[in-house]
Amino acid sequence: MFERFTKEARSAVVDAQRVARAAHSDQIDGRHLLVALAEGAGPARTALSDGGVDVAELVRRARTAVEAGDALDPGALAAVGIDLDEVTRRTEATFGEGALSRAGRVLRGRRKHIPFTPDAKKSLELALREAVRLGAREIHGGHLLLGLTRGESPARRLLSDGGADVERVRHLAEGSSRAA
Amino acid sequence: MSQQALVASAAGDDPAAGLRAVRALRELADRLETLQVERARRLGWSWQEIAEALGVSRQAVHKKHHRRI
């Protein structure tokens, strides 16, 4: 399937890995892909901004949302009586500033590859189907955006929670995604 | 009820919150282990000594950490 991706669509997939690594995510879901598409210049970003989405704000919300999925969850630790701020403070006293975050990166860094969630994989398949439906020979970022927002999905929820008109964005993405 | 007590009771009742806490504890333990093992090696501890302190086999600790340090 990836051999039919344009260079820009491939780099979105690679960038989604980078987004996931920065957020210490265990998996890549549609929101990581959405950040990558919104940050890269391409048809997806154009459809989003032409559709009235504040792209910078979308990226900020998406990054915050995926960071909240960090396994080192302060709320969950507080619920069993552990004050993560205090643990961080004591750990940094011995190991230096940012030691716990660095250790998280060391742990994640061991894995060359962060896996996609089934939902994100399905989005990639849907992007292929959208490209076929629109008669396009290549899959670009616009098709990825269509795949990400076709059904109920984390990316679509993130968009609609931010007040985006998802159908309008999809319509614009379709316009840029038809075979020339 | 204090906010802390509310949080604690939520953790007790709700499997999702409890499991989330277990996951966070595991992540915290893994990160602390990484930092402590790195430091022990820098201070000249052998893999055998580290393994004994962690209560695991020398092979296990070496396999888990040697590439990072």
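Definitions and cut-offs
- Residues numbered from 1 in each chain as written.
- Chains lettered and ligands numbered in written order.
- Predicted model: local features only at pLDDT ≥ 70, side-chain atom pairs only at ≥ 80, totals over all residues.
- Helix = DSSP H or I, 4+ residues; strand = E, 2+ residues; numbered from the N terminus.
- Buried ≥ 20, exposed ≤ 12 C-beta atoms within 10 Å, placed from the backbone.
- Contact = placed C-beta atoms within 7 Å.
- Core = buried A, V, L, I, M, F, W, Y, C linked by C-beta atoms within 7 Å.
- Axes fitted to C-alpha atoms, helices over the stretch in contact; angles between N-to-C directions.
- Parallel < 35°, antiparallel > 145°, perpendicular 65-115°, else oblique.
- Left-handed = near helix turned anticlockwise from the far one by under 90°.
- Expected span 1.5 Å × (residues − 1).
- Arc of directions from axis to C-beta.
- pLDDT = per-residue confidence, 0-100.
- Nonpolar A, V, L, I, M, F, W, Y, C, P; charged D, E, K, R; others polar.

*Asks:* Could you give an account of the overall build of chain B, naming the residues involved and the relevant values?
*Replies:* Check the secondary structure of chain B and you find 4 helices and 0 strands. Seen in sequence order, chain B has helices and strands lined up from the N terminus as α-α-α-α. Looking at chain B residue by residue over its 69 residues, the buried ones come to 13%.

*Asks:* Outline the overall build of chain A, supporting the account with residue identities and numerical values.
*Replies:* Looking only at helices and strands, chain A has 11 helices and 0 strands in total. When the helices and strands of chain A are listed from N to C terminus, the series reads α-α-α-α-α-α-α-α-α-α-α. A buried classification covers 39% of the 180 residues belonging to chain A. Taking all contacts inside chain A whose residues are at least 6 apart in sequence as the whole, residues at least 24 apart take part in 72%.

*Asks:* I'd like a description of the environment of Leu77(A), backed by residues and values.
*Replies:* Relative to the helices and strands, Leu77(A) is located in helix α5 (residues 74-79). With residues near it in sequence (within four places) discarded, Leu77(A) still touches Ile82(A), Leu84(A), Ala21(B), Ala24(B) and Leu28(B).

*Asks:* Can you break down the interface of chain B and chain A residue by residue, with the values?
*Replies:* With 18 residues of chain B at the contact, the number on the chain A side is 18 residues. Within the residue set of the side of chain B that touches chain A, elements represented by two or more residues are α1 (3-13) and α2 (15-42) of chain B. By residue number, the principal contributor to the side of chain B that touches chain A is α2(B), which donates 13 residues.

*Asks:* So what's going on with helix α3 (residues 43-50) of chain A? Which residues, and what values?
*Replies:* All names here are of chain A. Three or more residues of α3 are buried, namely Pro43, Ala44, Arg45, Ala47 and Leu48. Residues of α3 that are buried make contact with α2 (30-39), α4 (55-67), α9 (141-149) and α11 (166-175). Glycine 52 lies just past α3 and shows a positive phi near 90 degrees.

*Asks:* Pulling in residues and values, what's your account of the environment of Ala65(A)?
*Replies:* By the element assignment, Ala65(A) lies in helix α4. On the neighbour-count criterion, Ala65(A) (17 C-beta atoms within 10 Å) is partly exposed.

*Asks:* Summarise the nonpolar core; cite the residues concerned and give the values.
*Replies:* Ranked by size, the top nonpolar core spans 38 residues in total, and within it Leu33(A), Leu34(A), Leu37(A), Leu144(A) and Leu145(A) carry the most contacts. Of all the secondary structure elements, the ones that give two or more residues to this core are α1 (7-22), α2, α3, α4, α8 (118-133), α9, α10 (154-161) and α11 of chain A. Of the residues forming this core, the biggest block, 6 residues, is contributed by α2(A). With residues near it in sequence (within four places) discarded, Leu33(A) still touches Ala12(A), Ala16(A), Ala120(A), Ser123(A), Leu144(A), Leu148(A) and Ala155(A). In terms of nonpolar packing, the next biggest core, distinct from the first, is built from 8 residues, Ala71(A), Leu77(A), Ala79(A) and Ala21(B) among them.

*Asks:* Could you give me a rundown of the packing of helix α6 (residues 84-95) of chain A against α2(B), with the residues and numbers involved?
*Replies:* Orientation of α6(A) relative to α2(B), taken along the N-to-C sense of each, is 15 degrees, at an axis distance of 12 Å. Viewed along their axes, α6(A) and α2(B) adopt a mutual orientation that is roughly parallel. Considering how the two elements wind past one another, α6(A) and α2(B) form a crossing that is left-handed. Of α2(B), the residues touching α6(A) (which contributes Val87(A), Thr91(A) and Phe95(A)) are Leu28(B), Leu32(B), Leu35(B) and Arg39(B).

*Asks:* Give me the lowdown on α1(A), citing residues and values where you can.
*Replies:* Along an α-helix, residues three or four apart share an orientation, since each turn contains 3.6 residues. Residue and element names in this part refer to chain A. Compared with an ideal rise of 1.5 Å per residue, which puts 16 residues at 22 Å, α1 spans 22 Å between its outermost C-alpha atoms and is within 8% of the ideal. Ala9, Ala12, Ala16, Val19 and Ala20 are the residues of α1 that are buried. For α1, the buried positions fall inside an angular range of 95 degrees around the axis, keeping them on one side. Exposed side chains of α1 directed beyond 90 degrees from the buried face belong to Lys7 and Val14. Count one or two residues on from α1 and you reach histidine 24, which has phi positive near 60 degrees.

*Asks:* Which residues make up the confidence of the model for chain B, and what values go with them?
*Replies:* Residue-level pLDDT values for chain B average 84, and 80% of them are 70 or greater. Across the interfaces of the predicted complex, the ipTM metric reaches 0.77, alongside a pTM of 0.67.

*Asks:* Got a sec to walk through the packing of α9(A) against α11(A)? Specific residues and values, please.
*Replies:* Residues and elements named next belong to chain A. Two elements in contact, α9 and α11, have axes separated by 9 Å at closest approach and are oriented at 150 degrees. On the basis of the axis angle, α9 is roughly antiparallel to α11. In this structure, α9 crosses over α11, and the sense of that crossing is left-handed. Listed contacts from α11 to Gly142, Leu145, Leu146 and Thr149 of α9 are Val166, Arg170, Ala173 and Glu174. Looking at the contact of α9 with α11 residue by residue, the class counts come to 4 nonpolar, 2 polar and 2 charged.

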